[in-house]
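Fold and geometry: a report
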Amino acid sequence: MAQSLTLLLVDDEVMITDMLHDALEDAGFFVVTANNGDEATAILDDETRPVGGLITDINMGDTADGWSVARRARELNPEIPVVYMTGGVAHEWAVNGVPKSLLIGKPFATAQIITAIAGLLNAAADPA
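Here's what I pulled together on the structure shown here. (Residues numbered from 1 in each chain as written. Predicted model: local features only at pLDDT ≥ 70, side-chain atom pairs only at ≥ 80, totals over all residues. Heavy atoms only, no water.)

**Regarding the environment of Glu 25**
Keep this limit in mind: Counting from the N terminus, the helices are the DSSP runs of H or I reaching at least four residues and the strands are the DSSP runs of E reaching at least two. For the exposure calls, accessible area comes from a 1.4 Å probe over protein chains only, and a residue counts as buried if that area is under 20% of its type's maximum, exposed if over 50%, partly exposed in between.
For Glu 25, the position within the fold is in helix H1 (residues 14-26). By relative accessible area, which is 34% here, Glu 25 ends up partly exposed. The sequence separation of Glu 25 and Phe 108 amounts to 83 residues, and the corresponding C-alpha distance is 18 Å.

Here it is in structure tokens:
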């Protein structure tokens, strides 16, 4: 399943994006990256490139935040797995996060992100 699945990775910190992109591809995922929330929303809205999972930072400057990106992703695909990454607004997850999502605090190990998205993808694929 992972090989044909496209993940959207969104973070305005290029070092984090590069590190996670490589780790996720090594884990067998096809990864598309966005450097801000507006770019991520445009990728989600591009029907020629369906996204099967979202990993997003929350605070990304003056563009759409990760909460908004995830809500748009869920409008397009109500079952899309969402993993949030944040260094400072974890306390807002219960209010702003989409249901059945996970939040990983920064700093994190890449294995935490891979495990989180893989777990959500497996849960979504299991109808039980």
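**Regarding the pattern of salt bridges**
Note the cut-off: Salt bridges are defined by distance alone: a side-chain nitrogen of Lys or Arg within 4 Å of a carboxyl oxygen of Asp or Glu.
A complete count under the given rule lists six salt bridges for this structure. Salt-bridge contacts for Asp 57 lead to Lys 106; the nearest nitrogen and oxygen are separated by 3.3 Å. Of this pair, Asp 57 sits in strand S3 (residues 53-57) while Lys 106 sits in the loop between strand S5 (102-105) and helix H5 (110-125), and the two are 49 residues apart along the sequence. Take Asp 57 and Lys 106: they sit in the same class, and that class is buried. The salt bridge partner of Arg 72 is Glu 75, with a shortest N-O separation of 2.7 Å.

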